[in-house]
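Overview (structure and organization)
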Amino acid sequence: QVQLVESGGGLVQAGGSLRLSCTASGRTVSSNAMGWFRQAPGKEREVVAAISWRGSSTYYADSVKGRFFISRDNAKNTMYLQMNSLKPEDTAVYYCAGRRSSPFVAVRPMEYAYWGQGTQVSVSS
């Protein structure tokens, strides 16, 4: 079993930056793709960014392209999301997720087997 723990959320003013971290324990996730999702009140969970097992392939939602950057350090079993130029509409609970037995990027929540508990990101205007 894999446990994922997010950290780094908080309250920031519009235009500011935050870096989220997701650390895995239990079975290694280094050979599997991982992703960041978010869910705002009253909305469905949506993909923010995803990364292949080696980090050579990434995906970004259109709404965050050029502002958010996903990366991973397999030696530390940790994935990151650098969020710059934050906007109020980025306010949501952010979740990290890991695939089971697949190194390839995926964008649908159903394609991920492991989930963290979520971390709140709030952006004030």
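Residues numbered from 1 in each chain as written. Predicted model: local features only at pLDDT ≥ 70, side-chain atom pairs only at ≥ 80, totals over all residues. Heavy atoms only, no water.

1. A short note on the packing of aromatic side chains
- Under the definition given, this model contains four aromatic pairs.
- Both rings, one in F37 and one in Y112, keep their centres 5.1 Å apart while their planes meet at 80 degrees; by these two values the pair is edge-to-face. Remark: Y112 occurs in the loop between β9 (92-98) and β10 (114-115) and F37 occurs in strand β4 (residues 34-39); sequence separation between them is 75 residues. We note that F37, like Y112, is buried.
- Taken together, a centroid distance of 6.5 Å and an interplanar angle of 70 degrees make the contact between Y60 and F69 edge-to-face.
- When the ring centre of Y95 is taken as reference, the NZ or CZ atom of R45 above it lies at 3.8 Å. (Phe/Tyr/Trp six-rings, centres within 6.5 Å; stacked < 30°, edge-to-face > 60°. Helix = DSSP H or I, 4+ residues; strand = E, 2+ residues; numbered from the N terminus. Buried < 20%, exposed > 50% of the residue type's maximum accessible area, 1.4 Å probe, protein only. Lys NZ or Arg CZ within 6 Å of the ring centre and 35° of its normal.)

2. Quick look at the nonpolar core
- Ranked by size, the top nonpolar core spans 29 residues in total, and within it W36, L81, M83 and Y94 carry the most contacts.
- Taken together, the elements giving at least two residues each to this core come down to β1 (2-7), β3 (18-26), β4, β5 (46-51), β7 (68-73), β8 (78-83), β9 and β11 (119-124).
- Apart from the residues within four sequence positions on either side, Y94 is in contact with E6, L20, F37, R38, V48, F68, L81, M83, G118, T119 and V121. (Core = buried A, V, L, I, M, F, W, Y, C linked by side-chain atoms within 4.5 Å. Contact = heavy atoms within 4.5 Å.)

None of the figures reported here should be taken as evidence of function without further support.
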